[in-house]
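Results of the structural survey
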Amino acid sequence: MRRVLALCAVAGIASSVFAVPASAKTGYYVIRWDNTGICQVWNEDLRYKPFEWGASTYKVVSKPLPTFTQASELQIKLRAERRCFL
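Figured I'd write up the structure that's included with this text. For every chain, the first residue of the written sequence is number 1, and numbering continues from 1 onward in sequence order. Confidence filtering applies because this is a predicted model: local features only for residues at pLDDT of at least 70, side-chain atom pairs given and counted only at 80 or more, and all residues used for totals across whole chains, interfaces and linings. To get the side-chain values, take all heavy atoms of the structure and skip hydrogens and water.

**A look at the nonpolar core**
Definition in use: Residue types Ala, Val, Leu, Ile, Met, Phe, Trp, Tyr and Cys, when buried and joined through side-chain atoms within 4.5 Å, form a set referred to as a nonpolar core. Burial classes follow relative accessibility: with a 1.4 Å probe on protein chains only, a residue under 20% of its type's maximum area counts as buried, one over 50% as exposed, and anything between as partly exposed. Helix numbering and strand numbering both begin at the N terminus, where a helix is a DSSP run of H or I of at least 4 residues and a strand a DSSP run of E of at least 2. In this description, contact between two residues means that some pair of their heavy atoms is separated by no more than 4.5 Å.
Counting seven residues, the largest nonpolar core consists of Val-30, Cys-39, Val-41, Leu-65, Ala-71, Leu-78 and Cys-84. Elements with a minimum of two residues in this core: β2 (39-43) and α2 (68-80). Not counting chain neighbours up to four residues away, the residues in contact with Cys-84 comprise Arg-32, Gly-37, Cys-39, Leu-78 and Arg-79.

Right, here's the structure in full:
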């Protein structure tokens, strides 16, 4: 009985260790649209990248951030520095 319990505990700990890097991998970026200067928070989990057409291209202007709140705060900071609009 103790062996089964110990095995279950080890399996639970091992599965949680492998789950953490997968969730830490995702993040948010701030992107800046070249034609308008508008900055936008972009989620790395989304299946498709932002749609570019014609003169509407974007650049990633931040490193990956772990939460939407941090990305949004950076976006506000970039607006205050007049590096982004809206």
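Let's pick the thread back up.
**Things to note about the side chain of Ser-62**
By the secondary structure assignment, Ser-62 is in the loop between β3 (58-60) and α2. Beyond its immediate chain neighbours, meaning those up to four positions away, Ser-62 contacts Tyr-29, Val-30 and Leu-74.

**Things to note about the state of the cysteines**
To keep things clear, this is the line we draw: Disulfide: a pair of cysteine sulfur atoms within 2.5 Å of each other.
As enumerated under the stated definition, the model contains one disulfide in all. Each sulfur of the disulfide joining Cys-39 and Cys-84 lies 1.6 Å from the other. Every disulfide takes its handedness from the sign of the S-S torsion; for Cys-39 and Cys-84 that torsion is -45 degrees, giving left-handed. Within this pair, whereas Cys-39 is found in strand β2, its partner Cys-84 is found in the segment after α2, the two being separated by 45 residues in sequence.

**So, the sheet that holds β2**
Strand pairing in a sheet takes place through backbone hydrogen bonds and is either antiparallel or parallel in direction. Heads up, the rule is: In short, DSSP must find at least two bridges between two strands for them to pair. The axes are straight lines fitted to the C-alpha atoms, using for helices just the contacting stretch, and the angles between their N-to-C directions are given from 0 to 180°.
Read across the open sheet, the three strands follow the order β2-β1-β3; overall the sheet is antiparallel. Strand pairing shows two members of the sheet lacking a second neighbour, β2 and β3, which therefore form its edges. Direction aside, neighbouring strands of the sheet carry axes that sit 35 degrees apart on average. In terms of strand pairing, strand β1 (residues 28-33) meets β2 through five bridges, oriented antiparallel. Directly across from Ile-31, in β2, lies its bridge partner Gln-40.

**Considerations on unusual backbone geometry**
Positive phi values are uncommon outside glycine, yet Arg-82 reaches one of about 60 degrees. Along the polypeptide, Arg-82 turns up in the segment after α2. Overall, Arg-82 belongs to the exposed group, its relative accessible area being 68%.

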